[in-house]
Amino acid sequence: VFVLDRGFYFASDLGILINVGGTRGNSNVQPFMSTVLGYDLDDIFSGEVYFAQGYVSQNPLTSNDDPASGSGGNMTADYSLTNVGVSGIAAWRPTARFAIEGNVAGGITRLNPVLTAVNLGNEPAWAPHVGGGLDLKYLTLLTDFSAGLSVNGFLVIQPQIIAVSAAAVVRYTF
């Protein structure tokens, strides 16, 4: 008989990130990773603390950062997004071994290097973000282990950076 273990867990995502918007409309596909420490409140709801990192390649936020424009900005066509935050998860299990999990998240993002604002000033290095996503998970017969796919999107509120990640996710419940 399959028994779903609940409690503290560690999860990790490894996949890709793409930025939409910016001067090109979208960035090149780049690596994405995250690590999560969470706790299951019950069979449906969980809370998490996460650290995630992705990279935006060849999609300057404004024309002031486009190296081809020569506008005098920081020329940051490539930059990293490092997110730290919390998320809430709600799970629906259509069968005992499959789960569909939705999440909402919020936290802060570190932009590195600093981006150029429209007025040629610098954007802040730290900015708030919000996000959400959907996971499809298979609850394996291995004790406390699950694996699946995760798709998440987030918005860095100021300077309005939108990014989407798709990743393989593994989770181990302590």
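Residues numbered from 1 in each chain as written. Predicted model: local features only at pLDDT ≥ 70, side-chain atom pairs only at ≥ 80, totals over all residues. Heavy atoms only, no water.

A. Inspection of the confidence of the model for the protein chain at higher detail. For the protein chain, the mean per-residue pLDDT works out to 93, and 99% of the residues sit at or above 70. Averaged pLDDT values over the elements of the protein chain bottom out at 94 in strand S2 (residues 25–26) and peak at 98 in strand S3 (residues 30–40). (pLDDT = per-residue confidence, 0-100. Helix = DSSP H or I, 4+ residues; strand = E, 2+ residues; numbered from the N terminus.)

B. Molecular detail of the nonpolar core. If you look at the biggest cluster of nonpolar residues, it comprises 15 residues, and the most contacted ones within it are Leu17, Tyr79, Leu81, Leu115, Phe154 and Ile161. Here this core gets 3 residues from one element, more than from any other, and that element is strand S9 (residues 161–173). Listed in part, the 6 residues of the second largest apolar core include Ala11, Tyr50, Ile89 and Ala105. (Core = buried A, V, L, I, M, F, W, Y, C linked by side-chain atoms within 4.5 Å. Buried < 20%, exposed > 50% of the residue type's maximum accessible area, 1.4 Å probe, protein only.)

C. A look at the side chain of Ser34. Relative to the helices and strands, Ser34 resides in strand S3. Assessed through its relative accessible area of 5%, Ser34 is described here as buried. In this structure, Ser34 is in contact with Ala11, Ser12, Asp13, Phe51 and Ala52, ignoring residues within four places of it in sequence. (Contact = heavy atoms within 4.5 Å.)

D. Representation of the side chain of Ser150 in the model. With respect to the helices and strands, the residue Ser150 is situated in strand S8 (residues 145–156). Polar contacts involving the side chain of Ser150 include one to the side chain of Asp135, which spans 2.7 Å. With residues near it in sequence (within four places) discarded, Ser150 still touches Asp13, Leu134, Asp135, Ser165, Ala166, Ala167 and Val169. (Polar contact = N/O pair within 3.5 Å; in protein donor to acceptor, adjacent residues only side chain to side chain.)

E. Region of interest: the packing of aromatic side chains. If you walk through the whole model with that rule in mind, you get 3 aromatic pairs. Ring geometry for Phe8 against Tyr39: centres 4.6 Å apart, planes inclined by 55°, an arrangement best described as tilted. A residue pair is termed long-range when its members are at least 10 positions apart, and Phe8 in strand S1 (residues 8–21) and Tyr39 in strand S3 qualify at 31 residues. By relative accessible area, which is 36% here, Tyr39 ends up partly exposed. (Phe/Tyr/Trp six-rings, centres within 6.5 Å; stacked < 30°, edge-to-face > 60°.)

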